Amino acid sequence: MNHTTELVISATLDVREVFETQKNFAQKLRLSSVEERIAKLRRLEKQIMAYQDRICQAVFDDFRKHPTETLATEVFLVLSDIKHTISHLRKWTKPTKVGTPLPLFGTSSYIRHEPKGVCLIISPWNYPFQLAFSPLVSAIAAGNCAVIKPSEMTPNTSKVMANLVRETFAKEEIVLIEGGVETTTELLALPFNHIFFTGSPAVGKIVMAAAAKHLTSVTLELGGKSPVIIDETPDFELIAERLVWGKLVNNGQTCIAPDYVFVPKNKENELVAALEKAIQKLYNSSGKGIENEASYCRIVNARHFQRINQLIADSVEKGAKIAIGGKLDMNDRFISPTVLTDLKPDMNIMQEEIFGPVLPVLTYHHLSEALQFINENEKPLALYIFSKNQENIQHILDNTSAGGTTINDCMLHISNPDLPFGGVNNSGIGKTHGFYGFKEFSNERAVLRQKYRWTSVSMLYPPYTPKVRRLVDWLMRFF
Ligand code: NAD
């Protein structure tokens, strides 16, 4: 046996050992009271508060994200998840009474939310803290053990998160395992009770195929191209700022970032001019150049930089025009905010998720052209509508499908914990946040209680005499 084989085997043993330990502990944990779960969430909240500077520094070291943006888009969202969960958990865990149909007269029924057991949380690099800890909040609330596997692409944040988890929880309950594809593959071979995956649709399919071997339930929070439809009615200066913010926060590396925009042909120039003004206002107020602006973070690594570079080059080669930006610096992993026009559907940029600070602007003469284009492609994770015309808004909602929609702004639907968050088909399966996250990590157990001595159902037992038949006929009249 050579050294490499030994290492692989010992890694396999570790992962399996962790899983077996958690499996034993899950049996005890399922009896945990709401108060105990709330205490755990409070402990986590306290630790996150104590760790916030270290989290901000780590995310900065990974892709130069401004600490204020990390606090607002990562730490704050997890803390607000915890707060929302703590204030609703008693209600969510209460058995939910349901009605009783006529043939079951005399019985009573309820739904009991019980923990699924041992859950695997696989998270991506783009919001490395939030997307590992937000599902963890739901897993804890539902009474589960959890293994977290963060992305290998943001190693500084993974290290800090590993320390935070180690200091806060016993590993038989919650553990963070660092590693890349190999480690994830080992984990995916284990019979977890639930897998919560956030990442690309391509890897989502690998996860779902692995889960199918054990019939493990999955939540898949995926990505794709999220379109924006603008009609003739809005104030373009006002909406351009919202669009620029939505596109450039996290440098466009956001699952629900506006991917491309549809605008009426006669408003294209007005929109491009408004976008240019908004970019300068938000990201070059000092006049020193966007590359020197601390609020503008960087592409995560060289591979993603080259991917976006090629998307721009392919579109320009096929006839697209760079209306704004187009400045790239490989050494700094810097791509300036870029707006493209004159696009065609066969360009690569119109086929894959951009995940960077590049915004294609497409035009239409009639709204139906935009809707047809969107409906011919995969159902998006988010779809944005900018309009003052209620009829248009309703028409777009009625004639498209998406995981979520913000009207007259970008991305805000993700931050309301009372709304389910997730995709549809290619953009995801299952929902998260607040009660929907709790539900995803719970088994909704159906409980029906029969009267001990007498049961109405016995009137339907064999032998099937004419009297039983008359009773069945009578019951059928009620359906
Ligand atoms: P990714 O799919 O490449 O990686 C996600 C996770 O899967 C990582 O932990 C990674 O280590 C693991 N992984 C990668 N390849 C694997 C393989 N072959 N087998 C097993 N595991 C593997 O995604 P990413 O690049 O980290 O993140 C970007 C994608 O995630 C985008 O598509 C984005 O839209 C999506 N995303 C979705 C949401 C959401 O909430 N719906 C949020 C953030 C990101």
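Residues numbered from 1 in each chain as written. Predicted model: local features only at pLDDT ≥ 70, side-chain atom pairs only at ≥ 80, totals over all residues. Heavy atoms only, no water.

Draft legend 1. Looking closely at the packing of helix α2 (residues 34-63) against helix α5 (residues 155-168). Contact pair α2 / α5: the axes reach a minimum separation of 8 Å and the direction vectors enclose 165 degrees. Classified by the angle their axes make, α2 and α5 are roughly antiparallel. The two elements α2 and α5 meet at a crossing, and its hand is right-handed. Contact residues: R43, L44, Q47, I48, Y51, R54, I55, A58, V59, D61 and D62 in α2; P155, N156, T157, V160, N163, L164, E167 and T168 in α5. (Axes fitted to C-alpha atoms, helices over the stretch in contact; angles between N-to-C directions. Helix = DSSP H or I, 4+ residues; strand = E, 2+ residues; numbered from the N terminus. Parallel < 35°, antiparallel > 145°, perpendicular 65-115°, else oblique. Left-handed = near helix turned anticlockwise from the far one by under 90°. Contact = heavy atoms within 4.5 Å.)

Draft legend 2. Structural detail: the sheet that holds strand β8 (residues 227-230). The mixed open sheet is built from seven strands, whose spatial order is β10-β13-β14-β9-β8-β15-β16. With one partner strand each, in any of the chains shown, β10 (321-324) and β16 (404-407) form the two edges of the open sheet. Strand-to-strand, the axes of this sheet are offset by a mean angle of 25 degrees, without reference to chain direction. One ladder, built from three bridges, connects β10 with strand β13 (residues 338-341); its direction is antiparallel. Bridging across to β13, I324 finds its partner in V339. Most of the contacts of helix α12 (residues 390-399) go to strand β15 (residues 382-386), to which it runs at about 165 degrees, and overall it touches β8, β15 and β16. (Pairing = 2+ DSSP bridges.)

Draft legend 3. Layout of the domain arrangement of the chain. Along its sequence, the chain is organised into domain 1 (15-222 + 430-443) and domain 2 (227-418). If you average the C-alpha positions of domain 1 and of domain 2, the two centres end up 31 Å apart. Each partner contributes residues to the interface: domain 1 has 19 residues there, and domain 2 has 23 residues. Buried area between domain 1 and domain 2, both sides added, is near 1900 Å², and the carbon and sulfur share of it is 53%. (Domains from an automatic or database assignment. Buried area = accessible area lost by both parts, 1.4 Å probe.)

Draft legend 4. Representation of the site of the ligand. Inspection of the region around the ligand gives 26 residues, with S123, E152, S200, L222 and E353 positioned closest. S123 places a polar main-chain atom, nitrogen or oxygen, 2.8 Å from an oxygen atom of the ligand. Measuring from an oxygen atom of the ligand, one finds a side-chain N or O atom of S200 at 2.7 Å. The protein chains hide 90% of the 850 Å² of surface that the ligand would expose on its own. Comparing atom positions with the cavity grids shows the ligand to sit within the largest pocket. Of all the secondary structure elements, the ones that give two or more residues to the shell around the ligand are α6 (181-188), β6 (194-198) and α7 (201-214). Of the residues assigned to the shell around the ligand, the class counts are 14 nonpolar, eight polar and four charged. Built from parts of two domains, the shell around the ligand gets at least three residues from each of domain 1 (15-222 + 430-443) and domain 2 (227-418). (Near = heavy atom within 4 Å. Polar contact = N/O pair within 3.5 Å; in protein donor to acceptor, adjacent residues only side chain to side chain. Areas by Shrake-Rupley, 256 points an atom, 1.4 Å probe, with all protein chains shown as cover. 1 Å grid on protein atoms, 1.4 Å probe; cavity = no way out; pocket = protein on both sides within 12 Å on 5 of 7 lines; lining within 4 Å. Sits in = over half its atoms within 2 Å of the grid points. Nonpolar A, V, L, I, M, F, W, Y, C, P; charged D, E, K, R; others polar.)

Draft legend 5. Representation of the pattern of salt bridges. On inspection of all chains with the given rule, the structure shows 22 salt bridges. Put simply, E35 and R90 hold a salt bridge, and the shortest N to O gap is 3.3 Å. Remark: R90 occurs in helix α3 (residues 67-93) and E35 occurs in helix α2; sequence separation between them is 55 residues. Its relative accessible area of 44% is what places R90 among the partly exposed residues. (Salt bridge = Lys/Arg side-chain N within 4 Å of Asp/Glu carboxyl O. Buried < 20%, exposed > 50% of the residue type's maximum accessible area, 1.4 Å probe, protein only.)

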